[in-house]
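Here is what each chain is made of, one letter per residue.
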Amino acid sequence: MTTANKWIVIGTAGHIDHGKTSLTQTLTGIDTDRLKEEKKRGITIELGFADLDLPKGQRLGIIDVPGHERFVRHMVAGVMGIDAIMLVIAADEGVMPQTREHFDICRLLGIRQGIIAVTKIDLVDPEWLDLIQEDIRQFVKGSFLEESPLYPVSAKTGKGIQDLTAGLQKLASKISSKSSSGIFRLPIDRVFTMKGFGTVVTGTLLSGKMRKGMSVQLFPSQKEAKVRGIQVYNHSVEEAYAGQRTAVNLHGVEKKDLSRGQVLSLPSHLKPTIRIDAKLHLLSSSPYKLKNRQRLRFHNGASEVLSRVILLDQKELSPGEEGFVQFQSETPLAPMTGDRFVIRSYSPILTIGGGLIIDNLPCKHKRFNDSVIQGLKVLNQGGDLEKTELLIHREGFSGINSFFLELRLNKNSTYIENNLIQLQKINKIVLIESQTKWAIHYVFFEELLDKALKILKDFHARHPLKSGISKEELKARLYLHLDQKFYNFILEDLSAKKKIFIREKLLSLATHSTKLSLEEEKQKKRILDIY
């Protein structure tokens with residue numbers, strides 16, 4: 001089976017009826033219009049998939065997306081996770097509305113490589129073709145496709161197809177392989193049943209890897225299932241890797257439990273949320289300003305949810321501007337930090353912006369709060385240690401374990417552990433539990449130590465004849481939700497520093513001793529004299 005680093009996924013983009021599906025079929029021999037309604041109407045409604053073996057051994061997966069404006073949401077679902085785009089523009093029509101919208105979406109989703117195919121050249125004369133190509137050059141000027149060659153082709157006659165295939169090979173050689181070390185995620189973009197197999201889902205594996213027989217969980221529903229079988233472009237495999245188009249046969253769930261937009265991952269490896277912090281760019285082509293609490297369509301991965309946008313650092317966002325925002329969705333979703341997203345207006349439905357998720361599990365923020373804005377700046381552009389320290393600091397007295405940091409930062413365990421070790425060396429954090437790498441910020445740890453000593457001092461002042469306070473009482477007065485392991489760590493630290501004595505279930509300051517006052521000594525003497 002082809003190894004992970006030889007797989008590249010490319011998505012088509014372009015206006016309706018510009019020949020995306022015909023070109024894909026000519027390149028691969030596979031008709032991606034599989035639905036009766038698509039055959040009848042002659043347009044792509046759902047996502048289609050095909051694959052092509054390139055001359056130098058790479059296998060190219062092609063996602064054929066709809067061009068009709070009513071199905072742009074399917075296009076967004078298809079583009080997530082691809083390595084590059086093939087912008088398809090018909091020679092007889094040139095750049096059209098969905099050409100622009102598709103291209104905007106590709107840029108908002110962070111795609112940085114691609115190729116341009118000028119189709120239907122058999123319908124135009126050479127002079128017209130030259131004009132169209134010049135127009136296309138102006139359209140992509142200043143974008144990641146500015147230096148991309150144009151490939152005039154005809155799916156009908158086959159002219160230019162060989163040159164386009166060579167161009168795809170050249171493009172594939174520039175694309176680096178995706179890492180399989182991250183958190184396994186497969187956004188679901190198709191759900192169907194197959195006779196003799198049962199429930200099948202498909203998607204592009206964004207990160208990590210999956211294997212046959214593993215237990216998985218669907219997010220945000222959190223239903224559990226088992227991987228019965230895996231196919232990568234009609235080939236049964238034992239494992240699938242990041243970057244591959246993957247079909248997964250699931251056991252334990254029914255088709256009615258599944259839908260496009262859900263994400264397949266390992267159990268407990270994602271967290272459903274209704275809040276997301278992000279850096280948002282409003283397209284200069286947006287027909288209006290973005291207002292606080294405006295209702296939008298939020299697209300992440302293959303999901304589409306209705307959401308309110310909270311502008312955190314500006315009163316309103318004008319076309320072409322950027323700002324920090326918090327999205328509050330009406331239904332849960334399961335994104336990760338570092339994911340790209342697209343927003344479309346509620347009505348009329350237009351693509352108006354997009355950007356980068358910088359915190360996938362934030363708390364609710366106040367607008368125009370300096371500390372909130374500063375924290376968002378760190379999460380957006382700060383260094384590795386800065387981001388890790390900030391998230392630990394935000395957890396306050398509760399602390400945070402390394403696994404939850406993996407979910408918040410979308411990084412593997414080695415990355416997180418290295419950051420924790422570095423932060424501990426410079427006295428920014430304290431590692432409480434070595435196995436789970438549970439950490440608390442140094443500021444809060446020191447505050448708890450000081451508070452514990454103050455509680456003991458006050459107790460001794462009120463009860464000088466008592467040997468000490470009970471462990472349970474000190475814990476309750478120190479912090480209501482304090483974890484027992486964390487509490488034990490605090491006591492051990494204070495004991496090691498010779499600040500306290502631990503006598504079975506009682507605690508006291510190291511300097512404390514039961515001492516009678518002068519009057520109490522006199523009373524004691526009288527009692528002894530009586531005896």
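Preceding this section is the structure that the text describes.
Fair warning: this is a prediction, and the values are worked out from it, not measured in the lab.

Chemist: Explanation requested: the sheet that holds strand β27 (residues 469-470) in the structure shown.
Modeler: Two pairing modes exist for strands in a sheet, parallel and antiparallel, and in both the strands are linked by backbone hydrogen bonds. The sheet built from 3 strands is open, its strands ordered β27-β29-β28 with antiparallel pairing. Where the open sheet ends on each side, the last strands, each with one partner, are β27 and β28 (500-503). Relative to strand β29 (residues 506-509), β28 runs antiparallel, the two being bridged by 4 bridges. By the bridge assignment for β29, F501 is matched with S508. Where helix α11 (residues 442-462) meets the sheet, its contacts fall on β27, β28 and β29, and the angle it forms with β29 comes to roughly 90°.

Chemist: Quick question: what am I supposed to make of the pairing of strand β3 (residues 59-64) here?
Modeler: Most of β3 is tucked away: 6 of the 6 residues are buried. A two-sided burial pattern is seen for β3, the buried positions comprising R59, G61 and I63 on one face and L60, I62 and D64 on the other. Relative to β3, strand β1 (residues 7-13) runs parallel, the two sharing 5 bridges. Bridge pairing links I8 to L60 in β3.

Chemist: Explanation requested: helix α12 (residues 471-478) in the structure shown.
Modeler: Residues L474, K475 and L478 constitute the buried set of α12. In an axial view of α12, the angular spread of the buried residues amounts to 100°, which keeps them on one side of the axis. When the buried face of α12 is taken as reference, the exposed residues oriented beyond 90 degrees from it are E472 and A476. As for α12, its buried residues are in contact with α11, β27, α13 (484-496) and β29.

Chemist: Help me out: how do you make sense of the packing of α12 against α13 in this one?
Modeler: Packed helices, taken two at a time, are described by the angle their axes make and the gap between the axes. At their nearest, the axes of α12 and α13 sit 12 Å apart, and the two run at 105° to each other. In terms of orientation, α12 lies roughly perpendicular with respect to α13. Contacts between α12 and α13 involve K471, L474, K475 and L478 from the former and Q484, Y487, I490 and L491 from the latter. The class makeup of the residues in the contact of α12 with α13 is 5 nonpolar, 1 polar and 2 charged.

Rules of the game
- Counting starts from 1 at the beginning of each chain's written sequence and moves along it residue by residue.
- The model is predicted, so local features are restricted to residues of pLDDT at least 70 and side-chain atom pairs to those at 80 or more, both for listing and for counting; the totals for chains, interfaces and linings are taken over all residues.
- To obtain the side-chain values, all non-hydrogen atoms of the structure were included, while hydrogens and water were left out.
- When DSSP finds two or more bridges between two strands, those strands count as paired.
- Runs of H or I in DSSP of at least four residues are treated as helices and runs of E of at least two as strands, each being numbered from the N terminus.
- Contact criterion: two residues are considered in contact whenever any of their non-hydrogen atoms come within 4.5 Å of each other.
- Helix axes are fitted only over the stretch in contact, all axes being lines through C-alpha atoms; the angle between N-to-C directions runs from 0 to 180 degrees.
- For every residue, the accessible area (1.4 Å probe, protein chains only) is compared with the maximum for its type, and the residue is labelled buried under 20%, exposed over 50%, or partly exposed between those bounds.
- Comment: arc refers to directions from the helix axis out to C-beta atoms.
- Angular relationships are summarised with four words: roughly parallel below 35 degrees, roughly antiparallel beyond 145, roughly perpendicular across 65 to 115, and oblique for the angles in between.
- Under the convention adopted here, Pro, Cys and the residues Ala, Val, Leu, Ile, Met, Phe, Trp and Tyr are nonpolar, Asp, Glu, Lys and Arg are charged, and Gly plus all remaining residues are polar.

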